[in-house]
Every structure is written in C-alpha cells, then in structure tokens.
Amino acid sequence: MNLDDTPGDAAFRAELRQWLHTTLPTLPPRPSPDDWPARRAYDTAWQRALYGAGYASVHWDAPAARRLVYLEETERAGAPYVGANFVGLLHAGPTIAAEGSPEQRDRWLDPILRGDEVWCQGFSEPGAGSDLAALSTRAVRDGDHYVVTGSKIWTSHAEVADWCELLVRTDPAAPRHRGITWLALPMDAPGVTVRPLRTLAGSAEFAEVFLDEVRVPLSCRVGAENDGWRVTLVTLSFERGTAFAGEVIACRRTLGELARAAQDNGRWEDPSIRRALGRLHAELTALWRLVQANVSAADATGAVPASGGSVFKLRYSHARQELYDTAAEILGDDALDLGREWTLERLSSLAYTIAAGTSQIQRNIIAERVLGLPKERRD
C-alpha cells in the first residue's frame, strides 16, 4: 500500500487547500448545538457548497488515496464535517450505491450528495441494541406496500431527517438473521412519531421513533426481502470501517492543542502527562494507518472487511475516551465547564464504546472472524 501523493493527488491537494482557504472565511457562524433545524441548514448548505465545487462525492467514488487527501485537508483546515447527514453520506448512501437498484441509486444518491435530503438510522430497539438481530419491529406485506409497526431508539437526528434506513422483521418464523429486511422509510409518512432524547451533555441529537402501521412502498426495499441482514453487514462495514476516518484526524489535531494547553498551564512538567500524550500520539498514528489500510481494502474489494472495521472501531472508541480523560487531567477545573468544547467532547466520548456496535460485540467479531475462536454460546 503506497499512499504517497502521486502528481495527480498533489495537484488535488493544492486545489482543495486553496478552495478551503477561500471558502471557509465566507461561512456563517456555526449554530447552537441545541438548534437542530439550524444545524441541519448549516450542514446541508456546506454540503451544497461541496457539491457545487465538485467535492461532494469524494467519499464515494474517488480512489483511496484521494479520499484520504480530502479528509486530511478538510480536517486540518477546520472545515465542517458531515454533521446532521452523516447517516446519509457515510452509511445509507454507500449502502444504496452498493446494494440498490439503478432506480434507487438515481432516486436517492444525488439528493444526499446535494444536501437536499437528510437520513437517520433506525436499527437499535429498546430490546435489541447490541444484539441487533433480535429486533422485533414488524413489516407485513400488503399489496405493493409493507405495513410497519414497532419502535426504534437512539435514532440520530431523526427530528430533522427526511429518510430513515430501517431494519424490520418480515419473516418471524425464520431464523433471526434470515427474516430481516432493509427499508428506506420516509419520515413524513403517516404513523411515524419522533420523540427526542436529551443526552448527558444537554443536547437532543438522539430520538425514539414509533411506527404505527406505517405504509412503506415495496420500491423502498433495498435488497431482497429477508436478505436484510446481509445488506446490514454492508452498512455496518462502512459505519465501523470508514465513517470515523475524519474523526481520527480531528483527534490528532485535538492532541496537538492539548499538548500546547499543557505547556501553557504548566502541566507539561509532569512526566505522567508527557507519557500519556506520547502514548496517545502513537495510538492515533497507528489508527490513522489502519484507516489507510481499511480505505484501501474498500477501494480494492468494494467493502471494508468486517475484521478491519471492528479492529479499528474497538481501539478508536477507547483511544477517544483516553484522549478526553487526559484532557480533563490537564485542564483541571476548566474541564467541568459545560460551555467548553473539551467538556462536551469528553461527555460524548463515553458513548463511543456503545455506538455503532459495543466494544464487546467488536471483540466477539475479532475473536471469531480473525482469531478463529469458537462462537459464543447462545443458550
């Protein structure tokens, strides 16, 4: 894997860097973290700017090295990230590109890239979080529609989403992994109720979603009926393998800011602080190399191998928590200020060992699929 810039990549890097230098100063102030309609407007406006400049589809159709250049330059410049439409851009969109029909790709991909439509993810349920295949939301065939009844939880940005990538059970008699179907749910359909959930940090980016006999057209099914678990694995491979790639660069930038803060407030003289920062530097450098390997694997095969995505997700989740625990130690009392970004990021880091598959699930995947250990007993 040679990821040195080719002449073409170097030219792309210079062009992108110049565009960011010109464009970023023209952006309006970021909205309040609690104002999700304003955040949606801000994030989709940025997506439209990327679309107009020809950068919107870099995540999807550019070679691996080009995508990494894009992530490096946008993060280093402090550009907005995908924000409210991370599900559409990093999960649903790539899944539809890989598994959808030509008509579905025509219908959904360009609106996602243009920032016209925002997606959320309806996977977890109150009784099926880590054990995703235990989901119970039902979809019953009725002519050219499915009638969906059930509920979902921890649905990110559901209150501002147009569509939801939804997992439903279409064959209750089948083994649990074989009776699942992947649907695209219109969030304005009759029978959909969204109830926001407030987090420890005070924001409400998650929600419960209740589905009461919601009619979803058959044309909104991605993949075959009862083949949704296989399609879901495609979604999860993107979620665990490449969706966090930009965040690794952001963490590396945060680490540099943290080192400077330690020098400014005198904590740099503590050998344990320098040791912690040095270990985090090595950890995040290794994680970035793993990102490069996973993105290159996706480029070669069309999907991130589950093992590579799980190895990355497991270690990144814990490294992010260690980063912000170290930040709290360096900042002292300032780390208790809920108005500071450091504090909010530390609180949000607690969810990373649960979101997108718990650390326990990732360890099981690695044990079974990488190390070849016996599968966990299910009594």
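The structure contained in this document is the topic of the report that follows. (Residues numbered from 1 in each chain as written. Predicted model: local features only at pLDDT ≥ 70, side-chain atom pairs only at ≥ 80, totals over all residues. Heavy atoms only, no water.)

## Here we look at the pattern of salt bridges
Applicable threshold: The term salt bridge refers to a pairing of a side-chain nitrogen on Lys or Arg with a carboxyl oxygen on Asp or Glu at a separation within 4 Å. Only runs of H or I of at least four residues qualify as helices and only runs of E of at least two qualify as strands under DSSP, and these elements are numbered from the N terminus. Partly exposed residues are those whose accessible area sits between 20% and 50% of the maximum for their type, while under 20% is buried and over 50% is exposed, using a 1.4 Å probe and protein chains only.
Per the counting criterion, the structure on display carries 16 salt bridges. Residue Arg 114 pairs with Asp 110 through a salt bridge whose shortest N-O separation is 2.6 Å. Of the two residues, Arg 114 and Asp 110 both sit in helix H6 (residues 102-114), 4 residues apart, roughly one turn of that helix. By relative accessible area, Asp 110 is classed as partly exposed at 29%. A salt bridge links Arg 141 to Glu 225; the nearest nitrogen and oxygen atoms lie 3.2 Å apart.

## Let's talk about the environment of His 145
Our working definition: Working rule for contacts: check all heavy atoms of both residues, and any pair within 4.5 Å makes them a contact. The term polar contact refers here to a pair of N or O atoms within 3.5 Å; inside protein, the definition further demands a hydrogen-donor-capable atom paired with an acceptor-capable atom, and it admits residues adjacent in sequence only when both atoms are side-chain atoms.
Positionally, His 145 belongs in strand S3 (residues 145-152). Residues His 145 and Arg 221 lie 76 residues apart in sequence; the distance between their C-alpha atoms is 9.8 Å. Residues within four places of His 145 in sequence aside, it is in contact with Val 140, Arg 215, Val 216, Pro 217 and Leu 218. Here the side chain of His 145 touches Asp 144 through a polar contact of 2.7 Å, side chain to side chain.

## Details of helix H4 (residues 64-76)
Formally: Between the first and last residue of a helix there are one fewer steps than residues, each counted as 1.5 Å, and that sum is the expected span.
Across its 13 residues, H4 extends 18 Å between first and last C-alpha, which sits within 8% of the 18 Å expected from 1.5 Å per residue. Where burial is concerned, most of H4 is hidden: 11 out of the 13 residues are buried. Buried residues of H4: Ala 64, Ala 65, Arg 67, Leu 68, Val 69, Tyr 70, Leu 71, Glu 72, Glu 73, Thr 74 and Glu 75, and no others. Just downstream of H4 lies Gly 78, where phi reads positive at about 75°.

## A closer look at helix H1 (residues 7-23)
Basically, it comes down to this: What the arc measures is the spread of directions leading from the helix axis to the C-beta atoms.
Compared with an ideal rise of 1.5 Å per residue, which puts 17 residues at 24 Å, H1 spans 24 Å between its outermost C-alpha atoms and is within 8% of the ideal. Three or more residues of H1 are buried, namely Asp 9, Phe 12, Arg 13, Leu 16, Trp 19, Leu 20 and Thr 23. Along the axis of H1, the buried positions cluster into a sector of 135°, meaning they face one direction only. In H1, the exposed positions that point more than 90 degrees away from the buried face belong to Pro 7 and His 21. Check the buried side of H1 and you find it contacts helix H2 (36-53), helix H3 (58-61) and H4.

## A short note on the nonpolar core
Selection rule: Joining through side-chain atoms within 4.5 Å is the link that ties buried Ala, Val, Leu, Ile, Met, Phe, Trp, Tyr and Cys residues into a set, and such a set is a nonpolar core.
Of all hydrophobic cores here, the largest spans 60 residues; its most connected members are Trp 119, Val 148, Trp 182, Leu 185 and Met 187. Membership of the second largest hydrophobic core comes to 24 residues, among which are Val 248, Ile 249, Leu 258 and Leu 287.

## A word on the packing of H4 against helix H8 (residues 245-265)
Each packed pair of helices is defined by two parameters, the angle between the axes and the distance between the axes. Defined as follows: Lines are fitted to the C-alpha atoms to define the axes, a helix being fitted only along its stretch in contact, and any angle between axes, read from their N-to-C directions, falls within 0 to 180 degrees. Roughly parallel covers angles under 35 degrees, roughly antiparallel covers those over 145, roughly perpendicular covers 65 to 115, and oblique covers all other angles. Left-handed is the label given to a crossing in which the near helix is rotated counterclockwise from the far helix by less than a right angle, and right-handed is the label when the rotation is clockwise. Nonpolar residues are Ala, Val, Leu, Ile, Met, Phe, Trp, Tyr, Cys and Pro. Charged residues are Asp, Glu, Lys and Arg, and all others, Gly as well, are polar.
In the contact formed by H4 and H8, the axes pass within 9 Å of each other and the chain directions differ by 40°. Here H8 runs oblique to H4, going by the angle between their axes. Of the two elements, H4 crosses H8, and the hand of that crossing is right-handed. Contacts from Leu 71, Glu 72, Glu 75 and Arg 76 in H4 reach Ala 245, Gly 246, Ile 249, Ala 250 and Arg 253 in H8. When its residues are assigned to classes, the contact of H4 with H8 shows 4 nonpolar, 1 polar and 4 charged.

## Observations regarding the packing of aromatic side chains
Basically, it comes down to this: Pairing of aromatic side chains here covers Phe, Tyr and the six-membered ring of Trp, requires ring centres within 6.5 Å, and sorts the geometry by plane angle: under 30 degrees stacked, over 60 edge-to-face, intermediate tilted.
Scanning the entire structure with this criterion turns up 7 aromatic pairs. With 5.9 Å between their ring centres and 70° between their planes, Phe 12 and Tyr 55 make a pair best called edge-to-face. With Phe 12 in helix H1 and Tyr 55 in the loop between H2 and H3, this residue pair connects regions lying 43 residues apart in the sequence. For the pair Phe 12 and Tyr 55, one class covers both residues: buried. On the basis of an interplanar angle of 90° and a centroid distance of 5.9 Å, the ring pair of Trp 154 and Phe 206 is categorised as edge-to-face. Placement of Trp 154 in the loop between S3 and strand S4 (163-169) and of Phe 206 in strand S7 (residues 206-217) is noted, with a sequence separation of 52 residues between them. The exposed category is assigned to Trp 154, whose relative accessible area is 51%.

## A word on empty space enclosed by the protein
In plain terms, the rule: The pocket and cavity definitions rest on a 1 Å grid over protein atoms only: a 1.4 Å probe that fits but cannot leave marks a cavity, an open set with protein on both sides within 12 Å along at least five of seven lines marks a pocket, and residues lining either have an atom within 4 Å of a point. Grid points are joined across faces, edges and corners, and a volume is the space filled by probe spheres set on the points.
A full pass over the atoms with the stated rule returns 2 cavities of 30 Å³ or more. Each pocket or cavity is described by its volume, and for the largest cavity that value is around 100 Å³. Contributing to the lining of the largest cavity are Trp 46, Gln 47, Leu 50, Tyr 55, Ala 56, His 59, Tyr 70, Thr 74, Pro 80, Tyr 81, Val 82 and Leu 89. For the lining of the largest cavity, the secondary structure elements donating two or more residues are H2 and H4. The element best represented in the lining of the largest cavity is H2, accounting for 3 residues. Computed from the structure, the second largest cavity encloses a volume of approximately 60 Å³. Contributing to the lining of the second largest cavity are Arg 40, Asp 43, Thr 44, Trp 46, Gln 47, Tyr 81, Val 82, Ala 84, Asn 85, Leu 89, Gly 115 and Val 118.

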